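Observations on chain architecture
The chain contents come next:
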Amino acid sequence: IAFSSNQKRIPQTPIPQRANNMLFRLPLFFAALLHTALSSKEGKSIVTKQFHFKEDFFLTFHPLNNAIGPDNVNVLMSGLDDFGELFKDAWIKEIEANLQGGNCKVDAMSLPKFSICDWRYPERYDVHELPTPGQAYLYPDGFVQRLYYEIEKLTVSCVEDFSYNDLDQESCMDAAFTGNNFLGYVNPLETDCAEADGDCLFLTAENITLNSASTAELYINRFTEIPLYLKCLTTDGYGPKIANKLIVALDRFFELHVEEELTNEIMIQVPEGSVYGFASPYASGRKFCAHGAYYNYAGGNLVNQIPDADGVLITRFTYGFDVIWFKPDGFDEELLPDISAKITSVFDDGSFLIFLQEEYPDYDFIQDTEVCNAIDINEAEITLPPTMVPTEKPTSLSYIGEACTSNSQCAIGLVCHQESNTCTCNVETNEGCSTGNICAVYFESDIPKCSCNTDVDDGDNGCDPGQVCRFSCAFLIEEPMCFDDENIRDCDWWGDGYSCADGNKDGVIDKFDKSGGCNSNPHTFSPTEEPTESPTLELIPVPSRKPTDMPTLEPTLGLITSSPVVTSNPTAVEIDTDMPTSDPTLTPSKLPSSIPIDVPTPFPLSSATPTYGLSEDFGSSVTFPPTYIRPAITASPVVLPAMTSPPSLGNQSACPGYCIIHPDDTEEDDCPITTSATCGGGNRGDGICPFEGYCCSKFG
């Protein structure tokens, strides 16, 4: 209890002298408390206490057409502020009527302050696309919103002592919201507004009651790279200029028609749920739809494009989107299992062509077109290139390499790597790795991966019995692998007689030697001995990699089919990259099985005919016997069958002017190298490839 310095003297009931003596010895604060407890008009003791409350409460709005969103918050909070006086009066009446049988009085009570919680990690997702935080769904058409009230000052006097727990807050809240008292503050009868206005959401509400029970929680399901095959136009082909115009229309068509159809499909599959809306998962300028790679030559046609038997072009586009909805408790099935076919079905009746011609009259190329629909690619009379089968997705928790936004979305023991938004093994516990393997990061900015254990030689190191876990000598590979021989490792790739060079120049070939190259002589030297005179060695030519010619594009190549990548993510997280989830990739082959005909050029040697294993460039102070060193190189790719060049190009070279350009690749190589099954291990490419999944991306 606070007192001012000019406090007035208050008449008092006589107090025993002993108590008076105590008053003079006590500070003013305690004296005032004692006076309050001992004084009253009737001579009875009065106990006065002051309280400060801040508690949460739950309001159920029934029925509502959709969840409460950012556009409706102002209406809700303004209504609560106006409701404050009625709230205060209800509390005072309830306390004075029931506390200590009606023998208490509320001396003072401040108006309540109402608030709503904020999203904990707003930087991880565009929270303006989400319902208000702290909201759940109550089947069949109610929404439960968590709110807070704060009463800064409540002063109560009673004839007997009482505590905080004696104030029945639940009864006070029931009294405040009884009889639909609050309904008129957010749903005034005289309100006149447009249906899309945020003020109108609560007009359908018939009851607003205190209730915390719910049947569904907010959830986000992410769908990426859903293929859409658009049969449209009879030209010789088109590139990103026309494709981008079609994407504008495809995005708008998605918002107006596809979203509605998918919502209906979800409600058929999960009638106990509720769909709030759809959002783009991309942080870049992409909304929902995108086209694939295109050729960097005159005309620049899309790669994933081919004419049907009737001459109309079929072009592969992809959709990506988030479904924001309230998922019923206990639902763990795959949402929209046949989503690609469902989206395609929206285009079946030819409505997209009519939509294009009416909504985009400035698109001259479409006005005289007779066909522009999405089709089932399996019904087209074309031959498709080989495609990979994506890994089957789990029904609930994600496994290594699959999308996530928090640890709770990953399988037990795994963690969510925030930079890549994928589930990975656990570096601290090695969970997610098989017995003997460890979870580690071997490349800067790379994600944790499982590998064998270089620190264990005798026992379970993640390799087969008798093998050692070591780093490659012949190749620039970041992770350790299993080898049959400590000294040879993978140097037999160069041929018989090669063994590991002493890469760290400590005189010993051990677990610390990594990508140091291969020596053509056995390691029988001593690091302190002077080298013997080197005999003249014939230079072994090292062929350089030559770019392959750009083969011609035949009608049977250029389209890709793959199942959609579907991930399930609970609420709210920001997506940092343009591609929130990774496309499935082929399992990389650690090493080539044989020496390729076309050997990549190794690091330059300081001499045309080296007489020692390592040149001055390596800064070595260790001398070696005469030998020929093969420096470590990037693992050679398995070359794909040749594609053919665009018909108009003849046999012109694919480099540098005729490579394939990926829309999101801003730094194109002059001559991209197409690789297959060599991704991972720190190997990185430029993301340019003839078919999806057949090259090494810039992320490895």
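See the structure shown above.
A quick note: this is a predicted structure, and the numbers were derived from the prediction, not measured.

On to the overall build of the protein chain. The helix and strand tally for the protein chain stands at 10 helices and 24 strands. Here the protein chain, with 700 residues, has 45% of them falling under the buried criterion. For the protein chain, long-range pairs separated by at least 24 residues make up 71% of all intrachain contacts whose partners lie at least 6 apart in sequence. Of the roughly 35600 Å² of accessible surface on the protein chain, a fraction of 51% belongs to carbon and sulfur atoms.

Generally speaking, a soluble globular protein has its nonpolar side chains buried in company with each other. Core analysis: the largest hydrophobic core is formed by 57 residues, its most contacted members being Leu-76, Phe-87, Trp-91 and Phe-182. If one sorts the elements of this core by residue count, strand β5 (residues 142–158) sits on top with seven residues. Phe-87 has contacts with Pro-112, Phe-114, Tyr-149, Ile-151, Met-173, Ala-176 and Phe-177, leaving out every residue within four places of it along the chain.

Take the pairing of strand β4 (residues 135–138) next. With four bridges joining them, β4 and β5 adopt antiparallel strand pairing. Within the sheet, the bridge partner assigned to Ala-136 lies in β5 and is Val-144. If you look at the hairpin formed by β4 and β5, you'll find three residues sitting between the two strands. Alignment of β4 against strand β7 (residues 216–232), held across two bridges, turns out to be antiparallel. Residue Ala-136 lies in a different strand from β7, and its bridge partner there is Glu-217.

Moving on, we get to the packing of helix α4 (residues 84–98) against helix α5 (residues 169–177). Packing of α4 against α5 brings their axes to within 8 Å, and their N-to-C directions diverge by 130°. By the angle class used here, α4 and α5 are oblique. Remark: the crossing between α4 and α5 carries right-handed chirality. For the pair α4 and α5, the contacting residues are Leu-86, Phe-87, Ala-90, Trp-91, Glu-94 and Ile-95 in the first and Gln-169, Ser-171, Cys-172, Met-173, Ala-175, Ala-176 and Phe-177 in the second. In terms of residue class, the contact of α4 with α5 is made up of 10 nonpolar, two polar and one charged.

Procedures and definitions
- Residues numbered from 1 in each chain as written.
- Predicted model: local features only at pLDDT ≥ 70, side-chain atom pairs only at ≥ 80, totals over all residues.
- Heavy atoms only, no water.
- Helix = DSSP H or I, 4+ residues; strand = E, 2+ residues; numbered from the N terminus.
- Buried < 20%, exposed > 50% of the residue type's maximum accessible area, 1.4 Å probe, protein only.
- Contact = heavy atoms within 4.5 Å.
- Areas by Shrake-Rupley, 256 points an atom, 1.4 Å probe, with all protein chains shown as cover.
- Core = buried A, V, L, I, M, F, W, Y, C linked by side-chain atoms within 4.5 Å.
- Pairing = 2+ DSSP bridges.
- Axes fitted to C-alpha atoms, helices over the stretch in contact; angles between N-to-C directions.
- Parallel < 35°, antiparallel > 145°, perpendicular 65-115°, else oblique.
- Left-handed = near helix turned anticlockwise from the far one by under 90°.
- Nonpolar A, V, L, I, M, F, W, Y, C, P; charged D, E, K, R; others polar.

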